[in-house]
Amino acid sequence: MKQATLHQLKVFEAAARHSSFTRAAEELFLTQPTVSMQIKQLTKSVGLPLFEQVGKRLFLTEAGRELFATCRQIFETIAQFEMTVADLNGLKQGQLRLAVITTAKYFIPRLLGPFCQLYPGIEISLQVTNHERILERMVNNMDDLYIMSQVPESDVNYEPFLDNPLVVFAPVNHPLAKEKNIPIERLTNEPFIMREPGSGTRRAVQQLFDEHGVKVKVKLELGSNEAIKQAIAGGLGISVLSRHTLMPDSSEFSILDVEHFPIKRTWYMVYPSGKQLSIVARTYYEYLLEAAKKFAEESGFSVYSEVEDK
């Protein structure tokens, strides 16, 4: 490994991440023969094959997997050093990698805007996905911080920062829209629209229904809140969503006053225990705690007030 260069490691990391020399070349603005040559030279330095091809697919060997993990550690250490130097110079620059639960897309981008204005030198990568994918990303240490509404059972650090109530959405002209304290059993008569399996919202809703022996008629399963809202607006049924999803178009929907709702949930900032937050991630962490207070005041939501059990 003495003859391996940082450039070769960057080429290898991109090829390993994409499982493709072609995509690595596109990302790094190199030709594919150049990528192949760099990998060949690095393989010679290591002394063991780094990739193996099965059919048309490219896989890492055991040595390749070990080197891939090492590359991530090296590049993270270098990035941390660069941010430390920038911080010592009174600057905030570097990269912030965020992964957020789907529903968080309704407010996190609004809170990112002022942060980007405060720190224009920070580049932000924002991944929006469901609970299961967030857990996968966390296991692979792909991001700096995770915004979630359910703390995983694994060993993590977490900080609550905003309430996330789940409410029953219906079309604005729904027959139950004007009723008060609707028994939860009434929902069994309504066509229901559910999030896809793996969604944290779906798990919370199903748990409440199971507790009260309620079985709803699931008419549709959809993979996004926007698709569900369109289905509700089209009269296909009712659903349970975070009240945050109501923000852009509140006039199109009604929130039904059903007993045992809203389901109390909370937004958390989460990162694995033992992970050292970068200066940029720590800066955003502290910023979000303060920004959430202002957002809650302006939007009518509550700042987190009571810790939920893990």
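### Quick word on the overall build of the chain
Part 1 of the reasoning: Within the chain, the regular secondary structure consists of nine helices and 12 strands.
Part 2 of the reasoning: Principal-axis analysis of the C-alpha atoms gives the chain an extent of 75 × 50 × 35 Å.
Part 3 of the reasoning: By sequence separation, contacts in the chain at least 24 residues apart represent 76% of the contacts at least 6 residues apart.
Part 4 of the reasoning: Counting 34 positive and 37 negative side-chain charges, the chain places the centres of these two groups 5 Å from one another.

### Focus: the packing of aromatic side chains
Part 1 of the reasoning: Tallied over the full model, the rule gives 12 aromatic pairs.
Part 2 of the reasoning: Taking the centre distance of 5.1 Å and the plane angle of 50 degrees together, the rings of Phe 115 and Tyr 287 count as tilted. One end of the pair, Phe 115, is in helix H5 (residues 108-118); the other, Tyr 287, is in helix H9 (residues 279-299), and 172 residues separate them in sequence.
Part 3 of the reasoning: Taking 5.6 Å as the distance between ring centres and 80 degrees as the angle between the ring planes, the aromatic pair formed by Tyr 158 and Tyr 268 counts as edge-to-face. Pair noted here: Tyr 158 is in strand E6 (residues 156-163) and Tyr 268 is in strand E12 (residues 266-272), with a separation of 110 residues, a long-range link.
Part 4 of the reasoning: Classification of Tyr 158 by relative accessible area gives partly exposed; the value is 26%.

### Thoughts on the environment of Val 128
Part 1 of the reasoning: In this structure, Val 128 sits in strand E4 (residues 121-129).
Part 2 of the reasoning: Through-space distance from the C-alpha of Val 128 to that of Lys 105 is 7.0 Å; in sequence the pair is 23 residues apart.
Part 3 of the reasoning: Residue contacts for Val 128: discarding those within four places in its chain leaves Val 100, Ile 101, Thr 102 and Lys 105.

### Things to note about the nonpolar core
Part 1 of the reasoning: Phe 107, Ile 108, Ile 147, Phe 161 and Tyr 284 are the most contacted members of the largest nonpolar core, which has 39 residues in total.
Part 2 of the reasoning: Taken together, the elements giving at least two residues each to this core come down to strand E3 (93-101), H5, helix H6 (131-139), strand E5 (145-148), E6, E12 and H9.
Part 3 of the reasoning: With 10 residues, H9 is the largest single contributor of residues to this core.
Part 4 of the reasoning: When sequence neighbours within four positions are dropped, the list of residues in contact with Ile 108 reads Val 100, Leu 126, Ile 147, Tyr 284 and Leu 288.
Part 5 of the reasoning: Listed in part, the 21 residues of the second largest apolar core include Val 168, Ile 184, Phe 192 and Phe 209.

### Regarding the side chain of Thr 201
Part 1 of the reasoning: Structurally, Thr 201 is set in helix H7 (residues 200-211).
Part 2 of the reasoning: Residue class for Thr 201 comes out buried when judged on its relative accessible area of 9%.

### Brief notes about the sheet that holds E6
Part 1 of the reasoning: As summarised here, the arrangement of the five strands in space is E4-E3-E5-E12-E6, forming an open sheet in which the pairing is mixed. Here the strands that pair on one side only, and so sit at the sheet edges, are E4 and E6. Averaged over neighbouring strand pairs, the angle between their axes works out to 25 degrees when direction is ignored.
Part 2 of the reasoning: Bridge analysis of E3 against E4 gives nine bridges, and the strand direction is parallel. Across the sheet, residue Gln 95 finds its bridge partner in E4, namely Glu 123.
Part 3 of the reasoning: Strands E3, E4 and E5 of the sheet are contacted by H5, whose axis makes an angle of about 175 degrees with E4.

### Re the pairing of strand E2 (residues 57-60)
Part 1 of the reasoning: Side-chain alternation along E2 places Leu 58 and Leu 60 on a buried face and Arg 57 and Phe 59 on a face that remains uncovered.
Part 2 of the reasoning: Relative to E2, strand E1 (residues 51-54) runs antiparallel, the two sharing four bridges. Considered in E2, the bridge of Val 54 is made with Arg 57.

### Remarks on the confidence of the model for the chain
Part 1 of the reasoning: Across the chain, pLDDT averages 86, with 93% of residues at or above 70.
Part 2 of the reasoning: The least confident element of the chain, judged by mean pLDDT, is H9 at 84; the most confident is E5 at 94.

### Regarding helix H1 (residues 6-18)
Part 1 of the reasoning: The terminal C-alpha atoms of H1 lie 19 Å apart, and with 13 residues this matches the ideal 18 Å at 1.5 Å per residue to within 8%.
Part 2 of the reasoning: Those residues of H1 that fall on the buried side of the exposure criterion are Gln 8, Leu 9, Val 11, Phe 12, Glu 13, Ala 14, Ala 15 and Ala 16.
Part 3 of the reasoning: Ser 19, located one to two residues past H1, shows a positive phi value of around 55 degrees.

Parameters at a glance
Residues numbered from 1 in each chain as written. Predicted model: local features only at pLDDT ≥ 70, side-chain atom pairs only at ≥ 80, totals over all residues. Heavy atoms only, no water. Helix = DSSP H or I, 4+ residues; strand = E, 2+ residues; numbered from the N terminus. Contact = heavy atoms within 4.5 Å. Lys, Arg positive; Asp, Glu negative; His and termini not counted. Charge placed at Lys NZ, Arg CZ, Asp CG, Glu CD. Phe/Tyr/Trp six-rings, centres within 6.5 Å; stacked < 30°, edge-to-face > 60°. Buried < 20%, exposed > 50% of the residue type's maximum accessible area, 1.4 Å probe, protein only. Core = buried A, V, L, I, M, F, W, Y, C linked by side-chain atoms within 4.5 Å. Pairing = 2+ DSSP bridges. Axes fitted to C-alpha atoms, helices over the stretch in contact; angles between N-to-C directions. pLDDT = per-residue confidence, 0-100. Expected span 1.5 Å × (residues − 1).

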